[in-house]
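Below are the chains, spelled out letter by letter.
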Amino acid sequence: MAKANDKPRVSSAVRSLPPVARLARRTRYVLHQGSRVALYTLHSEAMRRMNKRIQKDLPEAPKVVPEGPVPGQRRMLADIFKLFADDLKAVEDGLYPIPSDGTLSPRELLDTSRAFFKDVPEVARRRATGAHQEVNEEVTGFAEALPRYYRQNFHFQTDGWLSEDSAKLYDFQVDVLFSGATAAMRRKALVPFAHILKQKDQRKVVYVDVACGTGGLLRPALKAFPRLRGIGLDLSEPYLNVARKRLKTPRASHVTAMAEQLPFADASVDVVSCVFLFHELPPKIRRQVIAEISRVLKPGGSFLFVDSLQTGDVPDYDGLLSVFPQLFHEPYYASYLQEDLTGLCAEQGLEERWMVPAFVSRAAEFVKTD
């Protein structure tokens, strides 16, 4: 397995960039990411104060007790800055261009911010009362055919995965939770992806992003690699509708399907990516998804994985991970924390070649060996 500090090759074009241009690019990156951290931190603090007022009129939520160390704010900020430093280094090493993730117009920002704060009391109510099954109780139409494990209010969010209102708000909510670092965590998968594509003709690579949601890794991958085509697959038609609107390019297509029943032929895909899905799957389904990914990958193909840290990846975070499923209704998260992903993948012929922790996430590459 590759070491976390392995140094990728730097292209000659990057080496020859004038110092002034390098400084300008670094300044642009720092300003962009710094503004995101500030924006989402302010929303997080405002949400905390709202919740403090709201909770006076709600039943007392069950107390959560961490099972291990919990990092302080200073440690978490240091890890976010390290994540950004690694992200910028990948840009300077020529692995992918400088990102412009999360850029909202003033009108989009205002509308999304209003929707976010409007939903805060509803999330607080569900957390205090344990109301995480509203989606299933109200399900109608197309949603009736969805798997039972899927029809829940994950994160106590309104409508679960089953409305465009939820889809439009989801990325913003996640960035508030992770202080604007979500996109940089996703981009860790672009590091092995860039090395894969250096050995291939991008135009001939068959790429599928499983559980792409409103964009997943598909959107940053297609922006980073201009000749690549990709398929975004998700079970939520409303989320895919938002994804289509946000990613308007003929190089992208979208498919509504279950990750445990991929609609692709055996050994037909070069690269499969999957970001922040596995911690939301029941153990049985988790195994089915791994088997399906192995089935559709060509020999030598890669499975690019990004998800939450697991217990022991970064011991200082173990206590924080233990309380997360209680605070945000993640019914399958506790089993994920203890899951032997390396072993499960190996059983399906997927060998782990690379794994690094990145803030509260882990990124890995698995290669199909036969």
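Residues numbered from 1 in each chain as written. Predicted model: local features only at pLDDT ≥ 70, side-chain atom pairs only at ≥ 80, totals over all residues. Heavy atoms only, no water.

**Student:** Residues and numbers for the pattern of salt bridges, please.
**Tutor:** According to the stated counting rule, one finds 26 salt bridges in the structure shown. The closest approach of N and O atoms between Arg125 and Glu122, which form a salt bridge, is 2.8 Å. Of this pair, Arg125 and Glu122 both sit in helix 4 (residues 106–129), three residues apart, which is roughly one turn of the helix. On the basis of relative accessibility, which here comes to 26%, the residue Arg125 falls in the partly exposed class. (Salt bridge = Lys/Arg side-chain N within 4 Å of Asp/Glu carboxyl O. Helix = DSSP H or I, 4+ residues; strand = E, 2+ residues; numbered from the N terminus. Buried < 20%, exposed > 50% of the residue type's maximum accessible area, 1.4 Å probe, protein only.)

**Student:** Hey, could you go over the side chain of Ser302 for me, with residue numbers and the actual values?
**Tutor:** Tracing the chain through its elements places Ser302 in strand 5 (residues 297–308). We classify Ser302 as buried; its relative accessible area is 4%. A polar contact of 2.7 Å, which involves the side chain of Ser302, links it to the side chain of Glu365. Contacts of Ser302, omitting those with residues within four sequence positions, involve Ile196, Asp270, Val271, Val272, Leu297, Glu365, Phe366 and Val367. (Polar contact = N/O pair within 3.5 Å; in protein donor to acceptor, adjacent residues only side chain to side chain. Contact = heavy atoms within 4.5 Å.)

**Student:** Describe the packing of aromatic side chains, and please don't skip the residues or the numbers.
**Tutor:** Taken as a whole and assessed by the stated rule, the structure comprises 18 aromatic pairs. Centroid distance Trp161 to Tyr170: 5.5 Å. Interplanar angle 70°. Geometry classified as edge-to-face. Judged on exposure class, the residue Trp161 and its partner Tyr170 are both buried. A centroid spacing of 6.4 Å and a plane angle of 90° characterise the contact between Phe305 and Phe366, whose relative ring orientation is edge-to-face. Here Phe305, found in strand 5, pairs with Phe366, found in strand 7 (residues 361–368); they are 61 residues apart in sequence, far enough to count as distant. Residue class for Phe305 comes out buried when judged on its relative accessible area of 2%. Here a set of aromatic residues connected by ring pairs shows up, and it is made of Tyr40, Phe116, Phe117 and Phe172. (Phe/Tyr/Trp six-rings, centres within 6.5 Å; stacked < 30°, edge-to-face > 60°.)

**Student:** Describe the nonpolar core, and please don't skip the residues or the numbers.
**Tutor:** Phe193, Phe278 and Phe303 are the most contacted members of the largest nonpolar core, which has 99 residues in total. By size, the runner-up hydrophobic cluster in this structure holds nine residues, among which are Ile54, Val120, Ala124 and Phe172. (Core = buried A, V, L, I, M, F, W, Y, C linked by side-chain atoms within 4.5 Å.)

**Student:** Mind laying out helix 2 (residues 19–54), listing which residues take part and the relevant values?
**Tutor:** The α-helix winds at 3.6 residues per turn, so residues separated by three or four positions along the chain end up facing the same way. Spanning 36 residues, helix 2 covers 52 Å between terminal C-alpha atoms, matching the ideal 52 Å at 1.5 Å per step. Looking only at helix 2, the buried set comprises Arg25, Tyr29, His32, Gln33, Arg36, Val37, Tyr40, His43, Met50, Asn51 and Ile54. (Expected span 1.5 Å × (residues − 1).)

**Student:** Break down the packing of helix 2 against helix 6 (residues 164–177) for me, citing the residues and quoting the values.
**Tutor:** Contact geometry for helix 2 and helix 6: axes closest at 8 Å, N-to-C directions at 85°. By the angle between their axes, helix 2 is roughly perpendicular relative to helix 6. Across from Arg36, Tyr40, His43, Ser44 and Met47 in helix 2, the residues of helix 6 making contact are Phe172, Asp175 and Val176. Split by residue class, the contact of helix 2 with helix 6 holds four nonpolar, two polar and two charged. (Axes fitted to C-alpha atoms, helices over the stretch in contact; angles between N-to-C directions. Parallel < 35°, antiparallel > 145°, perpendicular 65-115°, else oblique. Nonpolar A, V, L, I, M, F, W, Y, C, P; charged D, E, K, R; others polar.)

**Student:** Explain the sheet that holds strand 1 (residues 207–210) to me, and be specific about the residues and the numbers.
**Tutor:** The strand order 3-2-1-4-5-7-6 describes an open sheet built from seven strands, whose pairing is mixed. Across the chains shown, the open sheet's two edge strands, defined by having one partner strand only, are strand 3 (252–256) and strand 6 (350–358). Along the sheet, successive strands turn relative to each other by an average axial angle of 15°, direction set aside. Bridge count for strand 4 (residues 269–275) against strand 5 is six bridges, and the pairing is parallel. In the sheet register, Cys274 faces strand 5, and the bridge partner there is Phe305. Helix 8 (residues 190–198) contacts strand 1, strand 4, strand 5, strand 6 and strand 7 of the sheet and is inclined by roughly 160° relative to strand 5. (Pairing = 2+ DSSP bridges.)

**Student:** Let's hear about the packing of helix 2 against helix 3 (residues 73–92): which residues, and what values?
**Tutor:** Their axes nearest at 11 Å, the elements helix 2 and helix 3 cross at an angle of 145°. Our pair here, helix 2 against helix 3, has a crossing hand that is right-handed. Contacts between helix 2 and helix 3 involve Arg25, Arg26, Tyr29, Gln33 and Val37 from the former and Phe84, Asp87, Leu88, Val91 and Glu92 from the latter. (Left-handed = near helix turned anticlockwise from the far one by under 90°.)

**Student:** Can you break down the environment of Val356 residue by residue, with the values?
**Tutor:** Structurally, the position occupied by Val356 is in strand 6. Given the relative accessible area of 4%, Val356 is considered buried. With 168 residues separating them in the primary sequence, Val356 and Lys188 have C-alpha atoms 8.7 Å apart.

**Student:** Run through the confidence of the model for the protein, naming residues and quoting values.
**Tutor:** On average, residues of the protein score 92 in pLDDT, and 95% of them are at 70 or above. Per-residue pLDDT stays below 50 along residues 1–13; that stretch engages in 18 contacts with residues further than four places along the chain or on separate chains. (pLDDT = per-residue confidence, 0-100.)

**Student:** Outline the side chain of Asp209, supporting the account with residue identities and numerical values.
**Tutor:** Residue position: Asp209 is located in strand 1. Look at Asp209: it is buried, it has no salt bridge, and the nearest opposite charge is Arg186 at 7.4 Å. Contact partners of Asp209, with chain neighbours within four places excluded, come to Gly215, Gly216, Leu217, Leu218, Ile231, Gly232, Leu233, Ser273 and Cys274. (Lys, Arg positive; Asp, Glu negative; His and termini not counted.)

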